[in-house]
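Residue-level structural notes
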Number of protein chains: 2
Amino acid sequence: MSKHVYFFGGGKADGSAGDKNLLGGKGANLAEMVNLGIPVPPGFTITTEVCTAYFASGSKYPDGLTAQVEEALGRVEKLLGKKFGDAANPLLFSVRSGSRASMPGMMDTILNLGLNDAIAESLAKKSGNPRFAYDAYRRFIAMYSDVVLEIKKEKFEHDLDALRLQVAKKKGVDVAKYNKEELKKVVPDSDIEAADLKALVEVFKGIVKKESGKDFPTDPKEQLWGAIGAVFRSWNNQRAKTYRKMNDIPEEWGTACNVQAMVFGNLGDTSATGVAFTRDPSTGENAFYGEWLPNAQGEDVVAGIRTPFDITKKAAAHKGNPGTSLEEKMSAAYKVLEGIYLNLEKHYRDMMDIEFTIEDGTLFMLQCRVGKRTGPASVRMAVEMVKEKMITQEEAILRVDPHAIDQLLHPRLDPKAARKFLAKGLPASPGAASGAVVFTADEAEDEAKQGKKVLLVRTETSPEDIHGMDAAQGILTARGGMTSHAAVVARGMGKCCVAGCSAIHIDEKAGTMTVSVYGDGGKLMDTVVVKRGDVITLDGSSGEVFLGAVPTVPPELTGDFGQLMAWADATRTLKVRTNADTPKDAKVAREFGAQGIGLCRTEHMFFAADRIAAVREMILSSSVEQRRKALDKLLPFQREDFVGIFTAMDGLPVTIRTLDPPLHEFLPHEQHHIEELAKTMGVPVEALVKKNNDLHEFNPMLGHRGVRLAVSWPEIAEMQFRAIFEAAKICVGKGVDVQAEVMIPLSLTKRELDLQKEVFDRVYAEVFNGAAKKPTILFGTMVELPRAALMAHELAKTAEFFSFGTNDLTQTTMGLSRDDAGRFLPDYVKNNIFPKDPFQSLDVEGVGQLVEMACERGRKTRPGIKLGICGEHGGDPASIHFCHKVGLAYVSCSPYRVPIARLAAAHAAIKDKGGVKQSSTI
Amino acid sequence: MSKHVYFFGGGKADGSAGDKNLLGGKGANLAEMVNLGIPVPPGFTITTEVCTAYFASGSKYPDGLTAQVEEALGRVEKLLGKKFGDAANPLLFSVRSGSRASMPGMMDTILNLGLNDAIAESLAKKSGNPRFAYDAYRRFIAMYSDVVLEIKKEKFEHDLDALRLQVAKKKGVDVAKYNKEELKKVVPDSDIEAADLKALVEVFKGIVKKESGKDFPTDPKEQLWGAIGAVFRSWNNQRAKTYRKMNDIPEEWGTACNVQAMVFGNLGDTSATGVAFTRDPSTGENAFYGEWLPNAQGEDVVAGIRTPFDITKKAAAHKGNPGTSLEEKMSAAYKVLEGIYLNLEKHYRDMMDIEFTIEDGTLFMLQCRVGKRTGPASVRMAVEMVKEKMITQEEAILRVDPHAIDQLLHPRLDPKAARKFLAKGLPASPGAASGAVVFTADEAEDEAKQGKKVLLVRTETSPEDIHGMDAAQGILTARGGMTSHAAVVARGMGKCCVAGCSAIHIDEKAGTMTVSVYGDGGKLMDTVVVKRGDVITLDGSSGEVFLGAVPTVPPELTGDFGQLMAWADATRTLKVRTNADTPKDAKVAREFGAQGIGLCRTEHMFFAADRIAAVREMILSSSVEQRRKALDKLLPFQREDFVGIFTAMDGLPVTIRTLDPPLHEFLPHEQHHIEELAKTMGVPVEALVKKNNDLHEFNPMLGHRGVRLAVSWPEIAEMQFRAIFEAAKICVGKGVDVQAEVMIPLSLTKRELDLQKEVFDRVYAEVFNGAAKKPTILFGTMVELPRAALMAHELAKTAEFFSFGTNDLTQTTMGLSRDDAGRFLPDYVKNNIFPKDPFQSLDVEGVGQLVEMACERGRKTRPGIKLGICGEHGGDPASIHFCHKVGLAYVSCSPYRVPIARLAAAHAAIKDKGGVKQSSTI
């Protein structure tokens, strides 16, 4: 017979903290506390396996469960000298869910279980507090009916409100002055007397009878089994399902069910209840932090009707409420609590979140768990705990979620500032900014030149908007996902961006943006018109847009942060490079700890105002000679760029990708831009229109781009090679340590690389002919098409390194256009088809196979081949773990994600070598 | 020491026909003939390995070559009792290239080698024919100078023309009446006398001196080595390179060099030369077929100056030239020739192409090889040779190139008809047709209704044009490749199509098509304007377009063809299905031998005039209810289609693919169509425009299509499932044997399939609830994305079969858009990056890996899983061979390619089991 029920109480428990999978977090930690000798009301946990079996068998309990529950119940009764269902000496229980992972508030709880008329009356007598007894009884009926009998809460609340109104009138309150919610504060529950509550119980029973057609169950055993079933069923309620989806919690885990003897914090002024954290969860300060209420049950602390007090004397004094602290009011219980919290933190070696109740002067612990904390707090706690020798450096690293440090690197909205919500889009690039709305890139540039702070608002951005994005404080788009052009470029610039904000509709001509305001259930409630020049605020970390300016607070890269990153750097083996296209970006990235440039996109340099004309001239050329002439104009610009980048990255590798995007991206597409360009270039408008049409592609992603451009027009790549080599020559001459790597995009075959290598070698020989110092410049390729991965053994014959372009590799492997997927990805997430957006977190199962295969095959041909990844996944912790596992040399990501990647790489290194014991698993 | 030189002559040869790789085709067959006792002038072959070594070492010959050549030379001298370079008893040689594969005319040949002034004089005396001697000498100088010394032929021809003019004048010819070419017929070479030729030799020597700065080499040995080097070098001339690329001949094969004693067909009236085929190469008739000329050298027969005579008496009589045949004129030599050709055909067991020379009554064979033949001839010969017990059925199958039978299945242009060339595009769909030009699908339909034959000419076609394509005799497009919409649909309809004809420019409004006519070197020479209603002719097999009507001849599916296909069917293991969307197509395909439908595209049914309105209503729906209403209208149409198809395919499997293309394909895109639709549907034009814009995708290929549509709108697939099941129920009720397979397109994950399977099972249960007979309907998926192939083990858990959609799989694996690749594929072929268009012939090396992987993984999960391929590759012989090898159950192709696929599948089966000995390898 399997063990379904785990008892705890009387200083000994069947389980321990290690049994989280079986007992859920709450049950395991209750057992652990009991074993530590901490006072915990006795009880028992029904395992998660019972829950799983319950669903698998069509709501049947496994054999033996009833007997085991009976036995555990008997042990509790014996321990407390009370009896469940015995009016003479009644015992009440709480029944709570508790799964492996914390799912706060998602599942159901029933308190005060075991009451009926006789027992309530007995409790009233024994406690000498009939108000307490009938208050518990009416709460129990409402809670049980809601959870087990599925009768809506509101039905009961309506009658409670009516009762409150009577009481208020009786007390002479001018009820017309208050609404329902306000009245709860004027006439709190505690003002309702026992007799009234007793009458209310009868009303509640009537509701149950009417709604369910049956009497409220008076048999405590029947109540108990009803509650157990409801707790298990609550695993599959809609809230819980949604929460699990959001938090990657598997369906099959199931919940445990904790049945525990009730203790009461509402027995009078010697009773109390409270919640606390062993350290400050928002700042990380090592100071006991919590709130309490005398004469209250747990739910009162969080309900917000009564304002709770601070626990410690110091905190109460600080807030100007001396004398209100638990430390002062109930010093004996506080002493016990202090001992327990110190014990728990030492035992769990982490900041704990605890719940306690004081019943008539005696303190009981009801729950403890590792406490949630903000990003900054997690850094401070981790570093301080190492200093306190509580944890190791490796543990400290693992304590900080790489995602969480993002908020440390950007300005944030001042949490205390008032704000007026306007709309919500996708949190595309973190940070916060306010500014005047502009609708075109040119405007953004013009206004910024005059010193104004602007936000660029576009339906979607294109490469032509780069200068405007650069000039703006932030970017807001109506279309596009987390990996749209706006999002990618903004993250690269470290600029805040809200993308895909579908509630806004832009009328560029009218200079307005109309915002649809939706109510509950997606009903259109109102529209707001924002005009050019109106100020709004973006929160790129939440995706929210606010009307007017909301003040921000700057990022704080404290000493603790630096310390943690230093430990991470010492731990990780994976190098972290950055994607940077300009000397300016390169410098920023180096400050963030980048160990090189993994992707320098030469085409981004083409969009600058002083170059785009020559680029367009090149595209419009109809002969090789004409094209060469245009390329000759571009050469000095590119050379200058590379000189700047090599100098900024002195001693660190710089991977330069040759021209990649389809040429039509460089031509203007709007009529007035076309006309302007035609005038500037002295060509007829029709010629430009025709060229645009000729270059139009049905699927540009799969079109004439990457190395295909160089196959058609080898002179383009030749110019780029020459610019790189000449820049390297100049830099080497000045004593700069140049570590250049040239990378060919979108290759499919060895032959494509060979054709490029021929030109590369020839130009190298021409540039360095007779030079004293010849820097080694590597020749490699992107692996960003499935065929390239499959043929990696061939490509490696020519390529000296691979850089996985997992953005495009994901697009082609999954047949998923990054720019179009926004339309149906929500359906895919809703239907549980993709666990995560594959453009944000690498599809390890599918795309990952190709990466692994390419690594293996590449190494077979060229054992020491350098392998790296560039693209969005290089900044995603889960993807970084994969990169570490398959043995890549580096990941490359946007400058502002470099610290995240450094920390994630350290996580991977620690976890991969077997890992350290994590607090969350004990 | 390696053997570099293979001797042949005197009844014995070092090599044999099996040594083709080493000796080239010509050398190996010369050796074989010698071994057979056939009279062949003696000589020797320098191996292809010498050629390869020559290139590898930078134009050096391997050790020992000189000695081996000297030795072989000595053996020839001894055999013939003549001496090379000896004026007293001169021996002349021909030096010819000869590679493993036939490369007719691509490489160089030098005749009459070994002449100088003294030897020419001696030859004149010994032959008693000075005209012959000096004619040989002047030919030799010109040929040697061209090939070895790289002096342009034209320089010599110019002086010969001048001499001819003198001779003509001397003879009193009115030279003003003739141009240069015509004069050659009026005053043939034979009219130029010995003294004139001798003088011409001196002029030629002067040209050599002037152009090369050196005297023409008089040492025969020097001449010989010069010729050998030139033959090897000719392997790498531009012509040869291009030819190899076109014919898939590897660069590394190299050519052999054949040095053979000269025999002369131009020694007088007892001498002659000729070429012949052992059977008629154009009809396949078993009749000796050839031409000859008395007193001539080989090149005269092909030069076209003198009209050659027929070889056999029967043929000469048939052409009205009795008494001119070799059989009558030189009956002794003919008897010998007859014996030889019968011997050769018996020995080689194939139709042979032979060259012979009769020197003073004695017949010598100069070459034999397996003869090229037309498609119809290859079928007739193969079948007749089996009947003659010359070859086996399997050999007969292998003798017919599957590509070649395409011309048997369609009408062809009458080869004898006059034609006026207009332009050339891609041979997108075979067959030929004439008709009046129309520029829109509607026009095509209207005109066709009035009984007119029209050709639909479009810049490119879209699904909206289907009805016009159906109504037209053929389709001509200005853009798009072999796998463009027009090409794919036309092949499916068995309708001729010329695609991507870039010389035409269509002005729909003006109702004209302007055709650019290009001259040599791509210069624009002229433009021709074709107006609406003008008649043109398309040849879909050659890609040519002609002005006016060219008569056609109907396809001849003779008894031999049927016999061959029956043998093929009995041999192959791979089944051949067809891609068919309508009962009509299904019937045609069944007649062509299709064993089922491998791909029935449900969306093609949506475009019919009576349905498109409901389809558009469905797309424009803004709620599930509205969409269901529109779908309810479509249901009866779809059901009716399936009833028709199931009935047509009674007893054979029918694979139906659920809706695949992005929805915007169903909406009109031209302004007047939009306005029309808006009127019909009673919606505002702007609403339609907005929907069109909303549905616009950057990369529709990677967008919202395939199963993704069904994930977003499950009700669409539900309607389709219902239509299929209800149709099956109706058919089963009528006694039709329904073998339906339902296929989900573009799946990536098992979960997508599970979602569809749920609906599939539910609807099946609803439709067949209580039915007496419940047909088994399989549920499967397309594998057309790399991720699907990689995750095949997962997909196979739900999918009962896979159908490889290699069109899309190629697009995604290679990142290559079929619709856009046309722009750079030519550069890719030119640069030798892709050996073949990967959309025509499967990229076995890359894409093939994924197919193989998916087969393996799919079988691991579901051992008996049914595997097939649909899409363009299913009709390509090379791809079919691959499909056979990886063990697919069937290929599916367009109806008109079914016979090709049947034959190709038989080829694969024979080759795969070790194959039969092929005539081309002995």
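Quick summary incoming for the structure in this document.

This part is about the overall build of chain A. Scanning chain A from terminus to terminus reveals 35 helices and 34 strands. Within chain A, buried positions represent 57% of all 922 residues. Long-range contacts, defined here as pairs at least 24 residues apart, represent 68% of the contacts in chain A between residues at least 6 apart. When the accessible surface of chain A is summed, it comes to about 37,100 Å², and 51% of that surface belongs to carbon and sulfur atoms. Treating the 116 positive side-chain charges of chain A as one cloud and the 120 negative ones as another, the clouds have centres 2 Å apart.

Next up on the list: the relation of the copies chain A and chain B. Superposition record for chain A on chain B: RMSD 0.2 Å, screw rotation 180 degrees, translation along axis 0.0 Å. Interpreted geometrically, this transformation is the action of a two-fold axis. The share of interface residues of chain A whose copies in chain B are also at the interface is 100%, consistent with both copies meeting through the same surface.

A separate point is the environment of Pro217 of chain B. All names here are of chain B. Its location among the elements puts Pro217 in the loop between α8 (194-212) and α9 (220-234). Along the sequence, Pro217 and Glu794 sit 577 residues apart, while their C-alpha atoms lie 75 Å from each other. Pro217 has contacts with Tyr144, Glu222 and Gln223, leaving out every residue within four places of it along the chain.

All names here are of chain B. Remark: helix α15 (residues 375-387) packs on helix α20 (residues 559-571), axes separated minimally by 9 Å, with the N-to-C direction vectors making an angle of 70 degrees. By the angle between their axes, α15 is roughly perpendicular relative to α20. For the pair α15 and α20, the contacting residues are Val379, Arg380, Ala382, Val383, Val386 and Lys387 in the first and Asp560, Phe561, Gln563, Leu564 and Trp567 in the second. Looking at the contact of α15 with α20, its residues break down into 7 nonpolar, 1 polar and 3 charged.

As a further point, take the sheet that holds strand β9 (residues 272-277) of chain A. Residue and element names in this part refer to chain A. The sheet built from 5 strands is open, its strands ordered β11-β10-β9-β12-β13 with antiparallel pairing. Unpaired on one side and paired on the other, β11 (309-310) and β13 (362-370) mark the two borders of the sheet. The pairing of β9 with strand β10 (residues 289-294) spans 6 bridges and is antiparallel. In the strand pairing of β10, Thr273 is matched with Leu293. Each of β12 (352-359) and β13 is contacted by helix α14 (residues 331-348), which is oriented at about 25 degrees to β13, the strand it contacts most.

What follows covers the interface of chain A and chain B. Contacts between the two partners involve 51 residues from chain A and, on the opposite side, 51 residues from chain B. Counting the surface lost from both chain A and chain B, the interface buries some 4,600 Å², and carbon and sulfur atoms represent 55% of this. Of all residues in chain A, Phe698, Leu702 and Arg823 of chain A bury the most surface against chain B, accounting for 14% of the area lost on that side. At the junction of chain A with chain B, the criterion picks out 6 salt bridges. We note a salt bridge from Glu845 of chain A to Arg787 of chain B, for which the minimum N-O separation is 3.3 Å. In this assembly, chain A and chain B are joined by 36 residue pairs in polar contact (both at pLDDT 80 or more). Residue assignment for the side of chain A that touches chain B shows that the elements contributing at least two residues are α25 (685-695), α26 (707-712), α28 (750-768), α29 (786-790), α31 (806-814), α32 (825-830) and α33 (847-861) of chain A.

For the rest of this paragraph, the subject is the packing of aromatic side chains. Between two aromatic rings, the relevant description is the distance of the centres plus the angle of the planes. With the rule as written, the count across this model stands at 60 aromatic pairs over all chains. Residues Tyr61 of chain A and Phe232 of chain A carry aromatic rings whose centres are separated by 6.3 Å and whose planes lie at 55 degrees to one another, so their mutual orientation is tilted. Separated by 171 residues along the polypeptide, Tyr61 of chain A in the loop between α2 (48-56) and α3 (65-80) and Phe232 of chain A in helix α9 (residues 220-234) bring together distant segments of the chain. Measuring from ring centre to ring centre gives 6.0 Å for Trp292 of chain B and Phe309 of chain B, while their planes differ by 50 degrees; the resulting arrangement is tilted. In this pair, Trp292 of chain B sits in strand β10 (residues 289-294) while Phe309 of chain B sits in strand β11 (residues 309-310), placing the two residues 17 residues apart along the sequence. The class of Phe309 of chain B is partly exposed, set by a relative accessible area of 31%. What links up through ring pairs into an aromatic cluster is the set Phe721, Phe725, Phe760, Tyr764, Phe768 and Phe779 of chain A.

Now for the pairing of β13 of chain A. Residues and elements named next belong to chain A. Direction of pairing for β12 relative to β13: antiparallel, over a ladder of 8 bridges. Note that in β13 the partner of Met352 across the bridge is Val370. Where β12 folds back onto β13 in an antiparallel hairpin, the turn is made up of 2 residues, including Asp360, whose phi is positive at roughly 50 degrees.

In this section: the packing of helix α5 (residues 130-147) of chain A against helix α8 (residues 194-212) of chain A. Residues and elements named next belong to chain A. Remark: α5 packs on α8, axes separated minimally by 8 Å, with the N-to-C direction vectors making an angle of 20 degrees. What the angle tells us is that α5 and α8 run roughly parallel. Judged by the twist between their axes, the crossing of α5 over α8 is left-handed. Across from Pro130, Arg131, Tyr134, Asp135, Tyr137, Arg138, Ile141, Ala142 and Ser145 in α5, the residues of α8 making contact are Ala194, Leu197, Lys198, Leu200, Val201, Phe204, Lys205 and Val208. The residue inventory of the contact of α5 with α8, partitioned by class, reads 11 nonpolar, 1 polar and 5 charged.

Taken as a whole, this structure holds 113 salt bridges over all chains when the rule is applied. Between Lys797 of chain A and Glu794 of chain A there is a salt bridge, with its nearest N and O atoms 2.8 Å apart. Here the residue Lys797 of chain A and the residue Glu794 of chain A both occupy positions in helix α30 (residues 792-798), the gap between them amounting to 3 residues, near one helical turn. Judged by relative accessible area, which is 46%, Lys797 of chain A ranks as partly exposed. We note a salt bridge from Arg611 of chain B to Asp641 of chain B, for which the minimum N-O separation is 2.4 Å. Taken as a pair, Arg611 of chain B in helix α22 (residues 609-620) and Asp641 of chain B in helix α23 (residues 624-648) lie far apart in primary sequence, 30 residues in all. Salt bridges here are not isolated pairs; linked through shared partners, they connect Arg131, Asp135, Arg138, Arg139, Arg164 and Asp189 of chain A.

The next subject is the side chain of Asn692 of chain B. Looking at the secondary structure, you find Asn692 of chain B in helix α25 (residues 685-695). With residues near it in sequence (within four places) discarded, Asn692 of chain B still touches Leu667, Pro668, His669 and Ile674 of chain B.

Moving on, we come to the sheet that holds strand β22 (residues 512-518) of chain A. In any sheet, the strands associate via hydrogen bonds between backbone groups, in a parallel or an antiparallel arrangement. Residue and element names in this part refer to chain A. Reading across the sheet, the 3 strands line up as β21-β22-β23 and stay open at both edges, with antiparallel pairing between neighbours. Of all the strands in the sheet, the pair left with one neighbour each is β21 (504-507) and β23 (524-531). Between one strand and the next, the sheet's axes are offset by a mean angle of 20 degrees, whatever the strand orientation. Sheet topology note: the β22/β23 ladder contains 7 bridges and is antiparallel. Its bridge partner being in β23, Ser516 is matched across the sheet by Thr527.

Moving on: the nonpolar core. Within the largest apolar cluster, 277 residues are counted, with the highest numbers of intra-cluster contacts made by Phe646 and Phe725 of chain A together with Phe646 and Phe725 of chain B. Contact partners of Phe646 of chain A, with chain neighbours within four places excluded, come to Val654, Ile656, Ile724, Ala727, Ala728, Cys731, Val736, Val738 and Ala740 of chain A.

A few words on the side chain of Ser325 of chain B. Relative to the helices and strands, Ser325 of chain B resides in the loop between α12 (313-318) and α13 (326-329). If sequence neighbours within four positions are ignored, Ser325 of chain B has contacts with Trp292, Asp310, Ile311, Thr312, Lys313 and Ala316 of chain B.

The subject of this paragraph is helix α24 (residues 671-681) of chain A. All names here are of chain A. Of the positions making up α24, those classed as buried are Ile674, Leu677 and Ala678. All buried residues of α24 fall inside an arc of 100 degrees around its axis, so they share one side. The exposed residues of α24 that point more than 90 degrees off its buried face are Glu676, Lys679 and Thr680. On its buried side, α24 packs onto α22 (609-620) and α25. Directly after α24, the chain includes Gly682, whose backbone phi takes a positive value near 70 degrees.

The rules behind these values
- Residues numbered from 1 in each chain as written.
- Chains lettered and ligands numbered in written order.
- Predicted model: local features only at pLDDT ≥ 70, side-chain atom pairs only at ≥ 80, totals over all residues.
- Heavy atoms only, no water.
- Helix = DSSP H or I, 4+ residues; strand = E, 2+ residues; numbered from the N terminus.
- Buried < 20%, exposed > 50% of the residue type's maximum accessible area, 1.4 Å probe, protein only.
- Contact = heavy atoms within 4.5 Å.
- Areas by Shrake-Rupley, 256 points an atom, 1.4 Å probe, with all protein chains shown as cover.
- Lys, Arg positive; Asp, Glu negative; His and termini not counted.
- Charge placed at Lys NZ, Arg CZ, Asp CG, Glu CD.
- Least-squares fit on C-alpha atoms with pLDDT ≥ 70 in both.
- Axes fitted to C-alpha atoms, helices over the stretch in contact; angles between N-to-C directions.
- Parallel < 35°, antiparallel > 145°, perpendicular 65-115°, else oblique.
- Nonpolar A, V, L, I, M, F, W, Y, C, P; charged D, E, K, R; others polar.
- Pairing = 2+ DSSP bridges.
- Buried area = accessible area lost by both parts, 1.4 Å probe.
- Salt bridge = Lys/Arg side-chain N within 4 Å of Asp/Glu carboxyl O.
- Polar contact = N/O pair within 3.5 Å; in protein donor to acceptor, adjacent residues only side chain to side chain.
- Phe/Tyr/Trp six-rings, centres within 6.5 Å; stacked < 30°, edge-to-face > 60°.
- Left-handed = near helix turned anticlockwise from the far one by under 90°.
- Core = buried A, V, L, I, M, F, W, Y, C linked by side-chain atoms within 4.5 Å.
- Arc of directions from axis to C-beta.

Coordinates in, geometry out; function isn't part of it.
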